[in-house]
Amino acid sequence: MAVTGCTKCIKYMLFFFNFIFWLAGGVILGVALWLRHDSQTSNLLILQFDDQQAPGTFYISVYILIAVGAVMMLVGFLGCYGAIQESQCLLGTFFFFLVILFACEVAAAIWGFMNRDTISKELINFYDSAYIKAMDVSGSASKDSAIKVLDVFHKTLDCCGKGDDTALFLQLATTLCPTKSPEDFQLRSQSCHYKLIELFSEKLYVIGLAALVVAVIMIFEMIFTMVLCCGIRNSPGVY
């Protein structure tokens, strides 16, 4: 082994952090796959009526998360192997990929912050479009499909209406929301608008928390990688 003393300690600390990084990549990949196949979100995002598809912006962040998780596992393995082998080439490659990942994560965090309300708003607009069609007294061709869309929303989210429902909707509520009592419509927590905001706020909170933990690990890894590379370069047995 070329390194000794404190640098050797850094080597094993880097190996430990890379192992944690590799595990974190596996966890993120698992969480992303869960978010992709979660019954609540998938039931809503596959809906369509009147040639209008439910917006899939949420899946963009999920697919990015899947890619990040897979790359993290690959990079984590590269870092572990490079640390144990004390290879400046492998550690340099690892550091390069780490910087790229960190930059992508910061960019994704900025995008997510700027669009944090977009996902729920898009689905709320989709719900409202179906709501208006379902209330159409003229009996349009798309009314039945709109009612079916509302039924999926109501059953999936255990909600009913927008929270400021018209008298016409309240008359049809026993048909559209058979499990709800008249008193339920006075509660904000029963509003589908409220439930959609709550649902995606929770999902985005999970994504944000995972990104924060990974960012902290990345910072430590970049520091340890630079220190270890300098230690290897300055070791007596390395020329």
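Residues numbered from 1 in each chain as written. Predicted model: local features only at pLDDT ≥ 70, side-chain atom pairs only at ≥ 80, totals over all residues. Heavy atoms only, no water.

K.L.:
Outline the nonpolar core, supporting the account with residue identities and numerical values.
P.N.:
In terms of nonpolar packing, the biggest core is built from 55 residues, with Phe21, Phe58, Phe153 and Leu196 touching the most fellow members. At the level of secondary structure, the elements contributing two or more residues to this core comprise helix 1 (5-37), helix 2 (39-45), helix 3 (57-85), helix 4 (88-114), helix 5 (118-134), helix 6 (143-157), helix 7 (167-176) and helix 8 (192-234). It is helix 8 that provides the largest number of residues to this core, a total of 13 residues. With sequence-adjacent residues up to four places away left out, Phe21 is seen in contact with Met72, Val75, Gly76, Leu98, Leu101, Val214, Ile217, Met218 and Glu221. (Core = buried A, V, L, I, M, F, W, Y, C linked by side-chain atoms within 4.5 Å. Buried < 20%, exposed > 50% of the residue type's maximum accessible area, 1.4 Å probe, protein only. Helix = DSSP H or I, 4+ residues; strand = E, 2+ residues; numbered from the N terminus. Contact = heavy atoms within 4.5 Å.)

K.L.:
Please give an account of unusual backbone geometry that cites residues and values.
P.N.:
Despite not being glycine, Asp158 has its phi angle at roughly 55°, a positive value. Along the chain, Asp158 falls in the loop between helix 6 and helix 7. Owing to a relative accessible area of 43%, Asp158 belongs among the partly exposed residues under this scheme.

K.L.:
Can you break down the UniProt feature "transmembrane region" (unreviewed entry) in the chain residue by residue, with the values?
P.N.:
Mapped onto the present numbering, the UniProt feature "transmembrane region" (unreviewed entry) falls at residues 12-35, 56-84, 90-113 and 204-228. Along residues 12-35 one finds 100% helix and 0% strand; the C-alpha atoms at either end are 34 Å apart. For residues 204-228, the end-to-end C-alpha separation is 36 Å, with 100% helix and 0% strand making up the annotated structure. (UniProt positions renumbered as here; feature names shortened; annotations may be inferred.)

K.L.:
Pulling in residues and values, what's your account of the side chain of His154?
P.N.:
Relative to the elements of secondary structure, His154 occurs in helix 6. Filtering out sequence-adjacent residues up to four positions away, His154 remains in contact with Tyr127, Cys159, Cys160, Gly161, Phe169, Leu176, Cys177 and Cys192.

K.L.:
Break down the packing of helix 5 against helix 8 for me, citing the residues and quoting the values.
P.N.:
Packing of helix 5 against helix 8 brings their axes to within 9 Å, and their N-to-C directions diverge by 150°. Relative to helix 8, the element helix 5 lies roughly antiparallel. Helix 5 and helix 8 meet at a crossing whose hand is right-handed. Side by side, helix 5 and helix 8 meet where Ile119, Ser120, Leu123, Ile124, Tyr127 and Asp128 of the first sit next to Cys192, His193, Leu196, Ile197, Phe200 and Leu204 of the second. (Axes fitted to C-alpha atoms, helices over the stretch in contact; angles between N-to-C directions. Parallel < 35°, antiparallel > 145°, perpendicular 65-115°, else oblique. Left-handed = near helix turned anticlockwise from the far one by under 90°.)

K.L.:
Help me get a handle on the environment of Ile197, residues and values and all.
P.N.:
Assignment of secondary structure puts Ile197 in helix 8. The spacing of Ile197 and Ser120 is 77 residues in sequence and 5.4 Å in space, taken between C-alpha atoms. Excluding residues within four positions of it along the chain, Ile197 makes contact with Ser120 and Ile124.

K.L.:
Describe the state of the cysteines, listing the residues and the values that go with them.
P.N.:
In total, this model carries one disulfide according to the counting rule given. The disulfide bridge from Cys159 ends at Cys192, spanning 2.0 Å between sulfur atoms. When the S-S torsion is 90°, as for the bridge of Cys159 with Cys192, the disulfide is right-handed. On the criterion of sequence distance, the pair formed by Cys159 in the loop between helix 6 and helix 7 and Cys192 in helix 8 is long-range, its members being 33 residues apart. Each member of the pair, Cys159 together with Cys192, is buried. (Disulfide = S-S within 2.5 Å.)

K.L.:
Provide a residue-level description of the pattern of salt bridges, including the pertinent values.
P.N.:
A complete count under the given rule lists one salt bridge for this structure. Here Asp151 ties to Lys155 by a salt bridge, and the two come within 3.3 Å at their closest N and O atoms. Of this pair, Asp151 and Lys155 both sit in helix 6, four residues apart, which is roughly one turn of that helix. (Salt bridge = Lys/Arg side-chain N within 4 Å of Asp/Glu carboxyl O.)

K.L.:
Could you give me a rundown of the packing of aromatic side chains, with the residues and numbers involved?
P.N.:
Using the criterion set out here, one finds 10 aromatic pairs in the structure. Arranged with centres 5.3 Å apart and planes meeting at 45°, the rings of Phe17 and Phe224 form a pair that is tilted. Residue Phe17 is found in helix 1, and its partner Phe224 is found in helix 8; the two are separated by 207 residues along the sequence. Measuring from centroid to centroid gives 6.3 Å for Phe126 and Phe153, while their planes differ by 45°, and the two rings are tilted. Placement of Phe126 in helix 5 and of Phe153 in helix 6 is noted, with a sequence separation of 27 residues between them. An aromatic cluster is built from Phe16, Phe17, Phe220 and Phe224, whose rings are joined through pairwise contacts. Above the plane of the ring of Tyr131 lies Lys162, whose end atom (NZ or CZ) is 4.6 Å from the centre. (Phe/Tyr/Trp six-rings, centres within 6.5 Å; stacked < 30°, edge-to-face > 60°. Lys NZ or Arg CZ within 6 Å of the ring centre and 35° of its normal.)

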